[in-house]
Amino acid sequence: MTKNYADQISLSRADLVHLLGLSARSAAPGAQTSLRRMARRYRDNNPDVAKAIVETLREGPTRSVASGQSLDAPLDSESKLPLIREESLTPQQQPILDAGVRAPLEQVIEEHVNGSRLLEAGLAPTGTVLLSGPPGVGKTLAAHWMAQSIGLPLFVLDLSAVMNSLLGQTGANIKRVFDHARRTPSVLFLDEIDAVAKKRDDNAEVGELKRLVTVLLQEIDNWPEGSLLVSATNHSQLLDPALWRRFDVILEFPLPSLDSLAEGAATFFDAPMPQATLRMIAKLYEGETLSRLERDVLRARRTAALRGTDPVQALLGAVHDRFDSMPVRDRGRVAADLSKHAGLSQRVISELTGVSRDTIRKYSRAT
Ligand SMILES: Nc1ncnc2c1ncn2[C@@H]1O[C@H](COP(=O)(O)OP(=O)(O)O)[C@@H](O)[C@H]1O
Ligand SMILES: [Mg+2]
């Protein structure tokens, strides 16, 4: 049991909120995540504190650098369209990542935040990172989060703008983008790098793509110490192996674990929710991405808001066919879990899961 220290030191609510606000606005890696976890921990026993935490999280972190498109952002010489976008995170968007991916990303952030310590040891921070994995697992989000945690603007290389430019212009455009990123303290993000970096022996679009990869390779080789280049790809197998080798750190984003899915459900519902309900939703979405879960939860919340019904019920209603593919025993257990914890009637649960009320009662007694 945790002691109730708050009673002993009688921290005023105003001070608590102030402290929370400071941490919510801090760019320290993990600050937002810890606050989120705290909010969930306090939800049941200390809703007042949980609410204060959620409020401060809503205000979100502040940018530590002035935002806005820089004046000299490179443009395509023909179309005059910008070749990069400068982007900042909207508050509250925090990737939910399994430790295997989170830890190395946090280390890269820390290396850049505490660059001087590395310098004293004669080392440079990680310069190039490749994020690879299926669509919708949070690669783009992670790149934004890294830049924000480091406190630098994120320059996104707009590959469609670059690729649309006239033949022969593309290489020059890529060079211009890298030059710009080198001049300005920033994180350069090459999203969906496979668009440019298809295997050079891919016969379809040989000439131009081949030249592009060569330019990209040169630019990465000349990437200055102390700067950070992040790339993402959904198709690492399409990447030229020569490109692959250039990256200091390569991270495979797996599909989310059940814990991550449960954490995602809690975040996306943005309301106190029993652990059993979160676990059940996670089980239903096993093998899916957080992107998919987020979309479904938001739709369920909209449906529920319009009809004045329960959002969890709306979500389960939308995906109730997933219960069909569950082994019978799992289904019985999930239904019993739901009836105990989710605040839904046995009739509703029975309709959603296709498990009879008798069976639900049987499993409820058994657990
Ligand atoms: N790991 C994650 N944590 C939190 N939200 C996520 C995560 N993965 C995906 N999402 C949600 O789905 C959206 C799309 O994810 P995105 O980062 O674009 O995926 P990717 O770049 O891997 O295709 C995100 O903006 C976010 O709202
Ligand atoms: Mg992406």
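Residues numbered from 1 in each chain as written. Chains lettered and ligands numbered in written order. Predicted model: local features only at pLDDT ≥ 70, side-chain atom pairs only at ≥ 80, totals over all residues. Heavy atoms only, no water.

Digging into the site of ligand 1
And step 1. Every one of the 16 residues lining ligand 1 counts as a neighbour, but I96, G136, K139, T140 and E294 are closest to it.
And step 2. Here a nitrogen atom of ligand 1 and a backbone polar atom of V137 are 3.1 Å apart.
And step 3. K139 is positioned with one of its side-chain polar atoms (N or O) 2.8 Å from an oxygen atom of ligand 1.
And step 4. Protein chains bury 83% of the 560 Å² of accessible surface belonging to ligand 1 in isolation. (Near = heavy atom within 4 Å. Polar contact = N/O pair within 3.5 Å; in protein donor to acceptor, adjacent residues only side chain to side chain. Areas by Shrake-Rupley, 256 points an atom, 1.4 Å probe, with all protein chains shown as cover.)

A closer look at empty space enclosed by the protein
And step 1. Within this structure, the stated rule accounts for three cavities of 30 Å³ or more.
And step 2. Estimated volume of the largest cavity: approximately 100 Å³.
And step 3. I96, L97, D98, V101, G136, V137, F253, P254, L255, P256, S260 and L290 together form the lining of the largest cavity.
And step 4. Classifying every residue of the lining of the largest cavity by side-chain character gives nine nonpolar, two polar and one charged.
And step 5. Of the domains in this structure, domain 2 (84-252) and domain 3 (256-367) are the two that each give at least three residues to the lining of the largest cavity. (1 Å grid on protein atoms, 1.4 Å probe; cavity = no way out; pocket = protein on both sides within 12 Å on 5 of 7 lines; lining within 4 Å. Points joined across faces, edges and corners; volume = space filled by probe spheres on them. Nonpolar A, V, L, I, M, F, W, Y, C, P; charged D, E, K, R; others polar. Domains from an automatic or database assignment.)

As for helix 17 (residues 328-341)
And step 1. Under the 1.5 Å per step criterion, the end-to-end length of helix 17 is 20 Å for 14 residues, consistent within 8% with the ideal 20 Å.
And step 2. When we look at burial in helix 17, the residues that qualify are R331, G332, V334, A335, A336, L338 and S339. (Helix = DSSP H or I, 4+ residues; strand = E, 2+ residues; numbered from the N terminus. Expected span 1.5 Å × (residues − 1). Buried < 20%, exposed > 50% of the residue type's maximum accessible area, 1.4 Å probe, protein only.)

Structural notes on unusual backbone geometry
And step 1. Its identity is not glycine, yet E192 carries a phi of approximately 50 degrees, on the positive side.
And step 2. Inspection of the secondary structure assignment puts E192 in the loop between strand 4 (187-190) and helix 10 (206-221).

Side note on the environment of D337
And step 1. Note that D337 resides in helix 17.
And step 2. Note on D337: relative accessible area 26%, which makes it partly exposed.
And step 3. When the C-alpha atoms of D337 and Y363 are compared, they prove to be 8.7 Å apart, with 26 residues separating the residues in sequence.

Things to note about the pairing of strand 3 (residues 154-157)
And step 1. Along strand 3, one buried face is formed by L154 and V156 and the opposite face, lined by F155 and L157, is buried too.
And step 2. Relative to strand 3, strand 1 (residues 84-87) runs antiparallel, the two sharing four bridges. In the strand pairing of strand 3, I84 is matched with L157.
And step 3. As paired strands, strand 3 and strand 4 are joined by four bridges and run parallel to one another. Each bridged residue has a counterpart across the sheet, and for L154 the counterpart in strand 4 is V187. (Pairing = 2+ DSSP bridges.)

Looking at the packing of aromatic side chains
And step 1. Scanning the model with the defined rule gives one aromatic pair in all.
And step 2. Between F178 and W223 the ring centres are 5.8 Å apart and the planes differ by 90 degrees, which places this aromatic pair in the edge-to-face class. Taken together, the residues F178 in helix 9 (residues 170-183) and W223 in the loop between helix 10 and strand 5 (228-233) connect sequence positions 45 residues apart. Comparing F178 with W223 shows no difference in burial state: the two are buried. (Phe/Tyr/Trp six-rings, centres within 6.5 Å; stacked < 30°, edge-to-face > 60°.)

Just distances and angles here, no functional claims.
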